[in-house]
Amino acid sequence: MKILLLGPPGGGKGTQAKFLIDKLNIPQISTGDMLREHVKNETNLGIEAKEYMNSGQLVPDKVILGMMKVRLNQEDCKNGYILDGFPRTIPQSEGLDSLFLELNQSLDSVIVIEVNDDTIVNRMAGRRVHLPSGRVYHIQYNPPKIENIDDETGEKLIIRPDDEESTVRKRLEVYHSETSPLINYYESQNLVYKINGERDINIVSDSINEIINNL
Ligand code: AP5
Ligand code: MG
């Protein structure tokens, strides 16, 4: 099964992808997590991406498409995957469609998690992440068992550098101009399911499971 989670920054894509890994036994492919790993390791790609990410801009399509072409050809993608944060521009969607033609694959569904901008700004202020795994917490809505510590590894949680309010607002602007047009793109392929992401994390998860169970 191949699922695309689409939605604004802080909409809950990463949180919901983690539930789906367990349910479907397929990997989460988060371009944001992959890029953060490159930044941490100071690879050429990471050095190029860092400035875009920290200012809330998108990393150029060519870089992302090159990275994804390699990733989607890997062995663990054979039985499907959950796309989180890719594609997020029309050229990326078109690039993915060409890649699907080469690989003889297609998407099963595009789940759009809808959340208002004001909710997002509030959520980002309380987000804490475990960088190596991409696990996401919230100090109020989804706290770790021990403050600032990852439940599974005991390692420290961090605040993402792009979660500062002015950067979050920039990311929202970019989402509305560059990424939200993808909803129409995939609606024309009859793939879109919209869900209300303002509700409790577990209720959002139930809605997603219902969609997937009926595919
Ligand atoms: P990326 O890492 O993909 O960031 P994003 O899309 O902006 O989304 P986030 O990861 O911030 O949010 P999320 O939807 O995963 O929400 P989460 O589950 O964490 O990208 C970062 C940057 O990398 C981009 O700005 C860009 O520069 C670059 N990049 C990445 N992909 C790219 C691409 N394809 N092309 C070009 N550039 C790219 O939840 C957020 C918080 O809310 C958490 O604290 C969580 O606990 C909490 N929460 C979640 N759900 C709920 C709920 N229902 N109720 C209450 N709290 C909730
Ligand atoms: Mg995320």
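Let me sum up the structure you'll find in this document. (Residues numbered from 1 in each chain as written. Chains lettered and ligands numbered in written order. Predicted model: local features only at pLDDT ≥ 70, side-chain atom pairs only at ≥ 80, totals over all residues. Heavy atoms only, no water.)

Across the sheet, which stays open at both edges, the 5 strands sit in the order 2-3-1-4-7 with parallel pairing between neighbours. Each edge of the open sheet is held by one strand with a lone partner, namely strand 2 (28–30) and strand 7 (192–196). Averaged over all adjacent pairs, the angle separating strand axes in this sheet is 20 degrees, with direction ignored. Summarising the sheet, strand 2 and strand 3 (residues 81–84) pair through 3 bridges and their orientation is parallel. Its bridge partner being in strand 3, S30 is matched across the sheet by D84. (Pairing = 2+ DSSP bridges. Helix = DSSP H or I, 4+ residues; strand = E, 2+ residues; numbered from the N terminus. Axes fitted to C-alpha atoms, helices over the stretch in contact; angles between N-to-C directions.)

Close contacts around ligand 1 come from 35 residues, with G10, T15, Q57, R127 and R171 the closest. Interatomic distance of 3.1 Å between a backbone N/O atom of G12 and an oxygen atom of ligand 1. For ligand 1, an oxygen atom lies 2.8 Å from a polar atom in the side chain of R36. Within the complex, the protein chains bury 97% of what would otherwise be the 1,000 Å² of accessible surface of ligand 1. Elements represented by at least two residues in the shell around ligand 1 include exactly helix 1 (13–24), helix 2 (31–40), helix 6 (117–125) and strand 6 (135–138). (Near = heavy atom within 4 Å. Polar contact = N/O pair within 3.5 Å; in protein donor to acceptor, adjacent residues only side chain to side chain. Areas by Shrake-Rupley, 256 points an atom, 1.4 Å probe, with all protein chains shown as cover.)

Attention now moves to the pairing of strand 5 (residues 127–130). The alternating pattern of strand 5 places R127 and V129 and R128 and H130 on opposite faces, both of which are buried. Here 4 bridges tie strand 5 to strand 6, and the two strands are oriented antiparallel to one another. Looking at strand 6, one finds that V129 is bridged to V136. (Buried < 20%, exposed > 50% of the residue type's maximum accessible area, 1.4 Å probe, protein only.)

Picture a little ball the size of a water molecule; that probe, rolled over the atoms, points out where space is still empty. Taken as a whole, the second largest pocket encloses approximately 330 Å³ of empty space. Lining the second largest pocket are 13 residues, with K18, F19, R135, V136 and N142 positioned closest to its centre. Those elements giving two or more residues to the lining of the second largest pocket turn out to be helix 1 and strand 6. For the lining of the second largest pocket, a count of residues per class yields 6 nonpolar, 2 polar and 5 charged. (1 Å grid on protein atoms, 1.4 Å probe; cavity = no way out; pocket = protein on both sides within 12 Å on 5 of 7 lines; lining within 4 Å. Points joined across faces, edges and corners; volume = space filled by probe spheres on them. Nonpolar A, V, L, I, M, F, W, Y, C, P; charged D, E, K, R; others polar.)

We now examine the pattern of salt bridges. Opposite charge on two side chains lets them pair, provided their charged atoms get close. Applying the stated rule across the entire model yields 14 salt bridges. Between E75 and K78 there is a salt bridge, with its nearest N and O atoms 3.1 Å apart. Judged by its relative accessible area of 57%, K78 falls in the exposed class. Overlapping salt bridges, with partners in common, bring together R127, R160, D162, D163 and R171 in one network. (Salt bridge = Lys/Arg side-chain N within 4 Å of Asp/Glu carboxyl O.)

Turning our eyes to something else, we now look at the packing of aromatic side chains. Scanning the model with the defined rule gives 1 aromatic pair in all. Taking 5.0 Å as the distance between ring centres and 85 degrees as the angle between the ring planes, the aromatic pair formed by Y185 and Y186 counts as edge-to-face. The exposure class of Y186 is buried, given its relative accessible area of 0%. (Phe/Tyr/Trp six-rings, centres within 6.5 Å; stacked < 30°, edge-to-face > 60°.)

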